[in-house]
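# Coordinate inspection notes
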Amino acid sequence: MTPKEIVLEFYKPDVLLDRNAVNELLHPEVTIDWNSSKGFIQMNHADILALTDDLQKAYTRSKTRISHVIEEESMVVVRYSHFVKTIENPTEEMLLAHFFVIWEVKDGKLYRGFQMSQFS
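Analysis parameters
Residues numbered from 1 in each chain as written. Predicted model: local features only at pLDDT ≥ 70, side-chain atom pairs only at ≥ 80, totals over all residues. Heavy atoms only, no water. Salt bridge = Lys/Arg side-chain N within 4 Å of Asp/Glu carboxyl O. Helix = DSSP H or I, 4+ residues; strand = E, 2+ residues; numbered from the N terminus. Pairing = 2+ DSSP bridges. Buried < 20%, exposed > 50% of the residue type's maximum accessible area, 1.4 Å probe, protein only. Contact = heavy atoms within 4.5 Å. Core = buried A, V, L, I, M, F, W, Y, C linked by side-chain atoms within 4.5 Å. Phe/Tyr/Trp six-rings, centres within 6.5 Å; stacked < 30°, edge-to-face > 60°. Lys NZ or Arg CZ within 6 Å of the ring centre and 35° of its normal.

### What about the pattern of salt bridges?
All chains considered together, the criterion is met by five salt bridges. A salt bridge links Asp53 to Arg19, with the nearest nitrogen and oxygen atoms 2.5 Å apart. One end of the pair, Asp53, is in helix H3 (residues 45–58); the other, Arg19, is in helix H2 (residues 19–25), with 34 residues separating them in the sequence. Across the pair Arg65 and Glu93 runs a salt bridge, and its minimum N-O distance is 2.9 Å. Of this pair, Arg65 sits in strand E3 (residues 59–72) while Glu93 sits in strand E5 (residues 93–106), placing them 28 residues apart in sequence.

Shown next as structure tokens:
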């Protein structure tokens, strides 16, 4: 798979709720630097899987709407909006946040991420 295909696989519906699927796409040495409206977070492999577990507990559905994808060699830039359905209200889709992320792909896996987000 190309770097772009690997990144797009990560953002397919419900993948972010599936620990095994996320784990398959992550490089063992993955890190993500995340600037959110709540501050800066740096996450490693275990942190990302823990976030996946938390998302799976809170949401029945996860879907991204990608507006931009740019690939250059091993780097892929994605701009997207993340929509979810909650456990409490599984029939209503809500916008969780808007994201902009730069991924570096190494050895066919997500290796370094630089992400910014803003709640809707």
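Further notes follow.
### Let's talk about the pairing of strand E6 (residues 109–119)
For strand E1 (residues 26–36) and E6, the ladder comprises six bridges, and the chain directions are parallel. If you follow Thr31 over to E6, its bridge partner there is Arg112. Note: E5 against E6, ten bridges, orientation antiparallel. By the bridge assignment for E6, Trp103 is matched with Gly113.

### Structural notes on the pairing of strand E4 (residues 75–86)
For E3 and E4, the ladder comprises twelve bridges, and the chain directions are antiparallel. Following the sheet pairing, Ser62 is matched in E4 by Val84. Between E3 and E4, which pair antiparallel one after the other, the connecting turn spans two residues, and Glu73 there sits at a positive phi close to 55°. Here E4 folds back onto E5, and the loop between the two strands holds six residues.

### Examining the side chain of Gln115
Assignment of secondary structure puts Gln115 in strand E6. Gln115 sits in the buried class, given a relative accessible area of 5%. The residues touching Gln115, leaving out its near neighbours within four places in the chain, are Tyr11, Ile32, Asp33, Trp34, Asn35, Tyr80, Phe99, Phe100 and Val101.

### Here we look at the nonpolar core
Side chains that are nonpolar tend, in soluble globular proteins, to be buried together. In this structure, Val7, Phe10, Leu26, Trp103 and Leu110 are the most contacted members of the largest nonpolar core, which totals 29 residues. Looking at this core, the elements with two or more residues in it are helix H1 (3–10), H2, E1, H3, E4 and E5. With six residues, E5 is the largest single contributor of residues to this core. Setting aside its immediate chain neighbours within four residues, Leu26 contacts Phe10, His45, Ile48, Leu49, Lys109 and Leu110.

### Quick word on the packing of aromatic side chains
For the coordinates displayed, the defined rule picks out five aromatic pairs. Between the aromatic rings of Phe10 and Trp103, the centroid separation amounts to 5.8 Å while the plane-to-plane angle is 75°, which identifies the pairing as edge-to-face. Of the two residues, Phe10 sits in helix H1 while Trp103 sits in strand E5, which places them 93 residues apart along the sequence. A relative accessible area of 1% means that Trp103 is categorised as buried. Taken together, a centroid distance of 6.1 Å and an interplanar angle of 50° make the contact between Trp34 and Phe99 tilted. In this pair, Trp34 sits in strand E1 while Phe99 sits in strand E5, placing the two residues 65 residues apart along the sequence. Residue Phe99 is classed as buried on the basis of its relative accessible area of 9%. Ring-pair connections join several aromatic residues into one group, and the members of that group are Phe10, Tyr11, Trp34, Tyr80, Phe99 and Trp103. The cationic tip of Arg65 hangs over the ring face of Phe83; the distance from NZ or CZ to the ring centre is 4.1 Å. Here Arg112 stacks its cationic end above the ring of Tyr111, 4.0 Å away from the centre of that ring.

So, to be careful, I would describe these as geometric facts and stop short of saying anything about function.
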